[in-house]
Amino acid sequence: MKGFKINLHITEKCNYHCEYCFAHFQRNDDLPLEKWFKIIDDLKAAGNISAINFAGGEPVLYKNFPALVEYAKSLDFPVSIISNGSILMNEKLMPTEIFKHFETLGISVDSFDETILRSLGCCDKKSKVLSKENLKRIVERAKSVNPSIKIKLNTVVSKLNLNERLTSLADEIEISRWKFLKMKVFTNKNFSNKYLTISDEEFQDFVKRNPLKDGVGVAEFTLTRSYIMIDNEGNLLDDFGDSYEIVGNVLEENFSEVFSRYQFDKELYQSRYDLTA
Ligand code: SF4
C-alpha cells in the first residue's frame, strides 16, 4: 500500500538526557490511551498513512505502551519503534510478546564508548549506558519471538561522537538499516544544542569512517519537512528552521485537514523512503 510513515512521539518522558535531544516540546502531560486510539483511527481513515513509528521521548515509558502497539496492529498498520534501548529488557514495561508486533526495532546508538555516551547524556540517572553486549541481548530477545524483525540503528552525529567507529557491529548482528543523522540544530527559550553542531564535511568524514554494505547505511543531512511527526499532545509539528511550529492539533481537526496545511517535502521524503513498502 502506498503511503507515508508517521512518527507518533507519544511521550516526552525519557530516562536519558541527551545533549542534542530535540524532544523538548514543553508539554509533559501525555494523552490518555483513548485519545491515541482516536488519532490512530483518524490516521486509518485518512488513507495516506501506511505505517506507524512510535517515538518519544522514550516511547516504552508511555503508560500502557503495549496496548497502544496492539491497537495500531489491530488496524493493520505495520509498526516500528525507535528507542534508546535502555528498558527494552524490562519485562514489565516491554513484555517479550510485544516484539512480535514490530516490523522494525530501531535503537539509538551514538557510541560504544561509555565516556562519550555519558558526556552526550546518553545514560540514565545512575550513568548507566547501553553497552554493545546489552544491545546484542535486546536483539536476541526480540528475535526469540519475532525472527524476521528488522533491526535498525540510528546514530546522531555531533561534536562529541564525531570520531567514532561503530559499524564493525554489523559483522556481529544482522542490521537492516543504519542511519547516520547529522544533528539538527534546535533552539527554544530554554534550550539550544548549537554548540554541538558539525559541518557537512565533518559529517561526510564520519560516514566514510563507518562503512556498511550497500543498502544498509544511510546518511541523512536533513529531515526537514520530510518527517511527519505528532507530539505527545496530538499536534502535527513543522520542523522547518531551528524550532518546531505547531501546524494543528489532530484531536481538534481531522488529520487530513491538518496535514493539508503542512508544507510537506514529498520529494525529500521519497528520497528517504520506498513508498511502495
Ligand atoms: S534517548 Fe532520545 S528522547 Fe531520550 S533524551 Fe536521548 S534523544 Fe531525547
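Located above this text is the structure these notes cover.
Predicted model only: the values in this text are computed from it and were never measured.

A.B. asks: Can you walk me through the site of the ligand in this structure?
C.D. replies: Around the ligand sit Cys-14, Tyr-16, His-17, Cys-18, Cys-21, Ala-23, Gly-56, Gly-57, Glu-58, Asn-84 and Ser-108, and those are all the residues in its vicinity. Across the shell around the ligand, the residue classes break down as five nonpolar, five polar and one charged.

A.B. asks: Please explain the environment of Asp-205 as it appears in this structure.
C.D. replies: Within the secondary structure layout, Asp-205 lies in helix α5 (residues 200–209). Look at Asp-205 and you get partly exposed, because 15 C-beta atoms sit within 10 Å. On a C-alpha basis, the gap between Asp-205 and Gly-217 in space is 14 Å, while along the polypeptide they are 12 residues apart.

A.B. asks: Explain the packing of helix α1 (residues 33–46) against helix α2 (residues 65–74) here, please?
C.D. replies: Helices that pack against each other are described as a pair by the angle of their axes relative to one another and the distance between those axes. One can describe the packing of α1 onto α2 by two numbers: an axis separation of 10 Å at closest approach and a directional angle of 20 degrees. For the element pair α1 / α2, the angle class is roughly parallel. Of the two elements, α1 crosses α2, and the hand of that crossing is right-handed. For the pair formed by α1 and α2, the contact residues are Leu-33, Trp-36, Phe-37 and Ile-40 on the first element and Ala-67, Leu-68, Tyr-71 and Ala-72 on the second.

A.B. asks: Looking at this structure, I do not really get the nonpolar core. What am I missing?
C.D. replies: Soluble globular proteins tend to pack their nonpolar side chains together in the buried interior. With 70 residues, the main nonpolar core has Ile-6, Phe-54 and Leu-105 as its most contacted residues. With residues up to four places along the chain from it excluded, the contact list for Ile-6 reads Leu-43, Ile-49, Ile-52, Ile-228 and Ile-230.

A.B. asks: What's the story with the environment of Ser-199 in this structure? I'm lost.
C.D. replies: On the secondary structure map, Ser-199 appears in the loop between β8 (191–192) and α5. The class of Ser-199 is exposed, set by 9 C-beta atoms lying within 10 Å. Along the backbone, Ser-199 and Pro-211 are 12 residues apart, and their C-alpha atoms lie at a distance of 19 Å.

A.B. asks: I'm lost on the sheet that holds strand β10 (residues 228–230) in this one. Help?
C.D. replies: Think of a sheet as strands paired side by side through backbone hydrogen bonds, with each pair either parallel or antiparallel. The sheet built from 10 strands is open, its strands ordered β9-β6-β5-β4-β3-β2-β1-β10-β11-β12 with mixed pairing. Both outer strands of the open sheet, β9 (217–220) and β12 (245–249), are each paired with one neighbouring strand and no more. Strand-to-strand twist across the sheet, computed as the mean angle between neighbouring axes with direction ignored, equals 25 degrees. Pairing of strand β6 (residues 177–182) with β9 involves four bridges; the strand directions are parallel. Across the sheet, residue Leu-181 finds its bridge partner in β9, namely Glu-220.

A.B. asks: Explanation requested: the pairing of strand β2 (residues 49–55) in the structure shown.
C.D. replies: Moving residue by residue along a regular strand, the side chains alternate between the two faces of the sheet. Within β2, five of the seven residues are buried, leaving the element largely enclosed by the surrounding structure. As judged from the three bridges shared by β2 and strand β3 (residues 79–83), these two strands associate in the parallel manner. Residue Ile-52 lies in a different strand from β3, and its bridge partner there is Val-79. The handedness of the β2 to β3 crossover, carried by α2, is right-handed.

Basis of the calculations
Residues numbered from 1 in each chain as written. Predicted model: local features only at pLDDT ≥ 70, side-chain atom pairs only at ≥ 80, totals over all residues. Near = placed C-beta within 6 Å. Nonpolar A, V, L, I, M, F, W, Y, C, P; charged D, E, K, R; others polar. Helix = DSSP H or I, 4+ residues; strand = E, 2+ residues; numbered from the N terminus. Buried ≥ 20, exposed ≤ 12 C-beta atoms within 10 Å, placed from the backbone. Axes fitted to C-alpha atoms, helices over the stretch in contact; angles between N-to-C directions. Parallel < 35°, antiparallel > 145°, perpendicular 65-115°, else oblique. Left-handed = near helix turned anticlockwise from the far one by under 90°. Contact = placed C-beta atoms within 7 Å. Core = buried A, V, L, I, M, F, W, Y, C linked by C-beta atoms within 7 Å. Pairing = 2+ DSSP bridges. Right-handed = clockwise from strand over helix to strand, strands pointing away.

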